[in-house]
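# Working through the structure, step by step
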Amino acid sequence: MSPNHPARAAGRVLTTGAAALTAVLTLARPASAHAEVEAGTARALAENVTLTFVSEAESDSAGFTRIRVVLPDGVAPGDITLTDAPTGWKLKTTADGYTVAGPVLKTGVDAVHKIRIRQLPDAEQLVFKTVETYSDGEIARWIELPNGAVEPEQPAPVLELKSAVADAVPPRPSPSTRKTFEPSPGTRPAAETAAAQDDGAATGALVGSVVVALLALGGGAWWLARRRTSSDAG
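Residues numbered from 1 in each chain as written. Predicted model: local features only at pLDDT ≥ 70, side-chain atom pairs only at ≥ 80, totals over all residues. Heavy atoms only, no water.

## Points about the packing of aromatic side chains
Enumeration according to the criterion identifies two aromatic pairs in this entry. Their ring planes at 80° and their centres at 5.3 Å tell us that F53 and F128 sit as a pair that is edge-to-face. Taken as a pair, F53 in strand β2 (residues 47–55) and F128 in the loop between β8 (125–127) and β9 (129–134) lie far apart in primary sequence, 75 residues in all. Just as F53 is buried, F128 falls in that class too. (Phe/Tyr/Trp six-rings, centres within 6.5 Å; stacked < 30°, edge-to-face > 60°. Helix = DSSP H or I, 4+ residues; strand = E, 2+ residues; numbered from the N terminus. Buried < 20%, exposed > 50% of the residue type's maximum accessible area, 1.4 Å probe, protein only.)

## Considering the sheet that holds strand β5 (residues 90–93)
On the basis of which strands lie adjacent, the open sheet formed by five strands has the order β5-β6-β3-β9-β10 and antiparallel pairing. Where the open sheet ends on each side, the last strands, each with one partner, are β5 and β10 (139–142). Strand-to-strand, the axes of this sheet are offset by a mean angle of 15°, without reference to chain direction. (Pairing = 2+ DSSP bridges. Axes fitted to C-alpha atoms, helices over the stretch in contact; angles between N-to-C directions.)

## Observations regarding unusual backbone geometry
A positive phi angle, close to 70°, is found at L45, a residue other than glycine. With respect to the element layout, L45 can be found in the loop between β1 (35–39) and β2. In this structure, N48 takes a positive phi of about 50° despite not being glycine. Residue placement: N48 occurs in strand β2.

## With respect to the environment of V70
Topologically, V70 is positioned in strand β3 (residues 64–70). Overall, V70 belongs to the partly exposed group, its relative accessible area being 25%. A C-alpha to C-alpha distance of 8.8 Å links V70 and T99, two positions 29 residues apart in sequence. Setting aside residues up to four positions removed in sequence, V70 forms contacts with D96, G97, V127, F128 and K129. (Contact = heavy atoms within 4.5 Å.)

## Re the pattern of salt bridges
Here the structure, examined in full by the defined rule, presents two salt bridges. For the salt bridge of D96 with R68, the shortest nitrogen-to-oxygen distance reads 3.0 Å. Of this pair, D96 sits in the loop between β5 and β6 (97–101) while R68 sits in strand β3, placing them 28 residues apart in sequence. On the basis of relative accessible area, R68 is assigned to the partly exposed category, the value being 22%. Two residues, R118 and D79, come together in a salt bridge whose shortest N-O distance is 3.3 Å. With R118 in strand β7 (residues 111–119) and D79 in the loop between β3 and β4 (80–84), the pair connects residues that are 39 residues apart, well separated along the chain. Comparing R118 with D79, the two get one shared label, buried. (Salt bridge = Lys/Arg side-chain N within 4 Å of Asp/Glu carboxyl O.)

## Regarding the side chain of E132
Along the polypeptide, E132 turns up in strand β9. The side chain of E132 sits in the buried core without any salt bridge; R141 is the nearest counter-charge, 11 Å away. Sequence-distant contacts of E132, defined by excluding residues within four places in its chain, comprise A35, S55, E56, F64, R66, I67, E138, I139, A140 and W142. (Lys, Arg positive; Asp, Glu negative; His and termini not counted.)

## Regarding the confidence of the model for the chain
The share of residues in the chain with pLDDT of 70 or more is 59%, and the mean pLDDT across the chain is 76. Overall, residues 176–199 carries pLDDT values under 50, and its contacts beyond four positions in sequence, including any with other chains, amount to seven contacts. (pLDDT = per-residue confidence, 0-100.)

## Things to note about the sheet that holds β4
Strands belonging to one sheet form pairs held by backbone hydrogen bonds; the direction of such a pair is parallel or antiparallel. Strand order in the open sheet formed by four strands is β1-β2-β7-β4, with antiparallel pairing between adjacent strands. At either end of the open sheet lies a strand with only one pairing partner, and these are β1 and β4. Between one strand axis and the next, the sheet turns by 30° as a mean value, whatever way the strands run. Bridging between β4 and β7 involves four bridges; their strand directions are antiparallel. By the bridge assignment, I80 is partnered in β7 with I117.

Now the structure itself:
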């Protein structure tokens, strides 16, 4: 046996092992695709914060057509504004979040969009459950949360927040949920109109009572004057 034979055999084993490992990693690549979120100022109670969402393409035959995001507690749909998205994509708010959708992206192209949030809530982390739709109808749901030591297969994007600064202002009511009434020019609220009508009615009743009293007094004075005239004549 050639003394070099064991070395050649070991080399073949290493080569075969490397090829097998490469094949495994290649097959596992689609599963590594995910959705994620990041922010430059990830701090509780921070205002006008821009968040960047990245949905990694994992289909070999279709492109993204829509991304749906469920907003976490403390962030209302009316608190967000779309600042960047693929060409032609538009934002539409929903009851619990929003969608961004538009022309089909090319196969293999990641879907990246940015939103600005009026103010982040006072929390340690924010979870943005995300559902991705491809042009062939395939749907990827990144909505799972960690459960103890078990790592979810399709984790939802999570944004970790630093503690709020000492002088941070608590969240104000969202403009979309404030229940205030702004009357149009030349109009008055119903309550104000009703109050005015009540005041007018009360004023009219008071004036009527005064008129009646004056008439009564006038009538009495006339009766007394006539009686005195009659007595003097007798």
